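Structural overview for review
Okay, here's what each chain looks like letter by letter:
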Amino acid sequence: MPVHSRGDKKETNHHDEMEVDYAENEGSSSEDEDTESSSVSEDGDSSERLSQVDAKLQEVIAGKAPEYLEPLATLQENMQIRTKVAGIYRELCLESVKNKYECEIQASRQHCEVPLLSHCNRISPSPSELGA
């Protein structure tokens, strides 16, 4: 990789910029004329384009633009599908929460019943003790 001092690079860049500026100034008079004639044609084109855009906007607002209606129909269909899926997902989540709740209730009952049954078995006489 060549090594250059910073001063050399700055001078080179400055010199290149001067050449570019000089080249741009040579043809400035003909460029000004081209710019004026193009701006006149651009004004006509821009007003025509503006009227086309305004007409298209009116079609979209009225709901008659085909390039608007087809994507809109696709979006609405996707929205309906997503709404149905979200409703099904919500119901499944609710069912899951209910099942977890019932499982916890059942586990709590079993946890309370097991010690109670073992305590009852300890204090109640066995059938052989009753018959003897």
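Residues numbered from 1 in each chain as written. Predicted model: local features only at pLDDT ≥ 70, side-chain atom pairs only at ≥ 80, totals over all residues. Heavy atoms only, no water.

1. Comments concerning the overall build of the protein chain
Scanning the protein chain from terminus to terminus reveals four helices and zero strands. For the protein chain, the residues scored as buried account for 1% of the 132 residues in total. A total of about 12300 Å² of accessible surface is found on the protein chain, and carbon and sulfur atoms cover 57% of it. (Helix = DSSP H or I, 4+ residues; strand = E, 2+ residues; numbered from the N terminus. Buried < 20%, exposed > 50% of the residue type's maximum accessible area, 1.4 Å probe, protein only. Areas by Shrake-Rupley, 256 points an atom, 1.4 Å probe, with all protein chains shown as cover.)

2. Quick look at the pattern of salt bridges
Scanning all chains against the criterion turns up three salt bridges. Of the charged contacts in the structure, one is a salt bridge between glutamate 67 and lysine 56, with a shortest N-O distance of 2.8 Å. With glutamate 67 in helix α3 (residues 66-123) and lysine 56 in helix α2 (residues 28-62), this residue pair connects regions lying eleven residues apart in the sequence. Exposure remark for lysine 56: the relative accessible area of 33% places this residue in the partly exposed category. Arginine 90 is the salt-bridge partner of glutamate 91, the closest N and O atoms lying 3.5 Å from each other. Salt bridges here are not isolated pairs; linked through shared partners, they connect Lys56, Glu59 and Glu67. (Salt bridge = Lys/Arg side-chain N within 4 Å of Asp/Glu carboxyl O.)

3. Structural notes on the confidence of the model for the protein chain
With 61% of its residues at a pLDDT of at least 70, the protein chain reaches an overall mean of 75. Taken element by element, the protein chain is modelled with least confidence in helix α1 (residues 6-26), mean pLDDT 46, and with most confidence in α3, mean pLDDT 90. (pLDDT = per-residue confidence, 0-100.)

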